[in-house]
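# Descriptive structure summary
Single-letter residue listing:
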Amino acid sequence: MEVEHGLARARAVVDDEPVVGQPLLRRDAAGHSKEVPDEGLVGGLDGVGARDRCARDDQDVRRGLGRDIAEGDRAVVLVDEVGRDVAIGDLLEEGLVGSVGHGGRYRRGGRQANRAPSLSPPPLDPVRPYVLADLSWPEARDAAFAVAVLPWGATEPHNLHLPYATDTIQAEGVAAEAARRAWERGARVVVLPPVPFGANAMQLGLGPVIDLRPSTQALVLGDVVRSLEAAGVARLVVLNGHGGNDFKPMIRELQAQTPVFLCALDWWRAAPAADHFDAPGDHAGELETSAMLHLQPDLVRPLAEAGDGAERPFRVAALREGWAWAPRDWHRMTADTGVGDPRPATAEKGAAFVDAVAERVAGFLVELAAMDPADPYE
Ligand SMILES: [Zn+2]
């Protein structure tokens, strides 16, 4: 399913590009533009995998697509847009190399049942039973989920090197990995599709930032809770990926109106950052850049292009020291939209931190799933 979604999305992305006879440019992991046809089928599939961003578990996508095509892949059957089976080997022989990535004309059959029984590489990862977007109606209807996890991100710039969807990718990536671990321990957890828009009024105008007012967010959250209540899901965790989102006051108000047990966490606070980073930074710094190098490296520009993330502190001491608070004007207090130096970031640090966070959140989800929402106190 990951791959099917990935290709569907890639098709949407490339459909507005020139399809025949003109090179299609994609960015590779190092940030360089490449012409897909020159890379043939391998590059095309790779490009498709790379295009699949926040909506999927990207590691699964990479396992499925972001690798070179091996000889054994010739037997892999794709399904074309009129439903015919086409083997990769046939595509190669017909000289259609490149057309998979180029026009996104083919998609893999998503479900195990759609695949030819003789596939020589192992089948792609199956549907994730803990991700709502992957599930059919019978699967979701009969699952009796105990806990829903709502990843909530933002659409805003992150220094010069990270994508606008950074907060959404991180929230969803952590949610999916934590849910996977919790599921394997028997907890009936489900990750909801992420909300990609955060509270960003102080960044408006920094490119196409999309700002949801907190009052709008409260309405969205309220409707999600109402829907979960109707579905009989008794617990909700809002897994926040954006520092400007503040769910506490919303939950205070909503909790009095619903039996669904409501709670929230900021993913980057779920494990001690100091164990992994010298200076984690506040926004697009060492922590977030490392996490992105682990979760979605194809969307990270070369660190040599990143700004230093220097922050202009408030003139007033109490605001500087943080015991008094005012929202920051991101147009004036940073030159590159970052706060914190990203340049010491590495994928290894990101992997270790995301692992620590996912493990901690998984433990929380297991415990929460077993807790009686009507009797949460010892
Ligand atoms: Zn961020």
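Heads up: these notes are all about the structure in this document. Model, not experiment: these values are computed from the prediction.

## Observations concerning the overall build of the protein
Scanning the protein from N- to C-terminus turns up 12 helices and 9 strands. By the burial criterion, 45% of the 378 residues in the protein qualify as buried. Contacts in the protein between residues far apart in sequence, at least 24 positions, make up 76% of those at least 6 positions apart.

## Re the pairing of strand β6 (residues 147-152)
For β6, the tally of buried residues reaches 6 of 6 residues, placing the bulk of the element in the interior. Of the two faces of β6, the one lined by Val-147, Val-149 and Pro-151 and the one lined by Ala-148, Leu-150 and Trp-152 are each fully buried. When β6 meets strand β7 (residues 189-191), the two strands line up parallel, connected through 3 bridges. Following the sheet pairing, Val-149 is matched in β7 by Val-191. With respect to chirality, the unit in which β6 leads through helix α7 (residues 166-184) into the neighbouring parallel β7 is right-handed.

## Concerning unusual backbone geometry
Residues other than glycine seldom take positive phi values, yet Ala-284 does so here, at roughly 65°. You can call Ala-284 buried: it has 30 C-beta atoms within 10 Å. Backbone geometry at Thr-337 places phi at a positive 75°, although glycine is not the residue there. Summarising the element assignment, Thr-337 is placed in the loop between α11 (317-321) and α12 (347-370).

## Let's talk about the packing of α7 against α12
α12 packs onto α7 with a crossing angle of 55° between their chain directions and a minimal axis gap of 8 Å. When the interaxial angle is binned, α7 and α12 end up oblique. Crossing handedness for the pair α7 and α12: right-handed. On α12, the residues that touch Val-174, Glu-177, Ala-178, Ala-179, Arg-181 and Ala-182 of α7 are Val-354, Val-357, Ala-358, Glu-359, Val-361, Ala-362, Leu-365 and Val-366.

Calculation notes
- Residues numbered from 1 in each chain as written.
- Predicted model: local features only at pLDDT ≥ 70, side-chain atom pairs only at ≥ 80, totals over all residues.
- Helix = DSSP H or I, 4+ residues; strand = E, 2+ residues; numbered from the N terminus.
- Buried ≥ 20, exposed ≤ 12 C-beta atoms within 10 Å, placed from the backbone.
- Contact = placed C-beta atoms within 7 Å.
- Pairing = 2+ DSSP bridges.
- Right-handed = clockwise from strand over helix to strand, strands pointing away.
- Axes fitted to C-alpha atoms, helices over the stretch in contact; angles between N-to-C directions.
- Parallel < 35°, antiparallel > 145°, perpendicular 65-115°, else oblique.
- Left-handed = near helix turned anticlockwise from the far one by under 90°.

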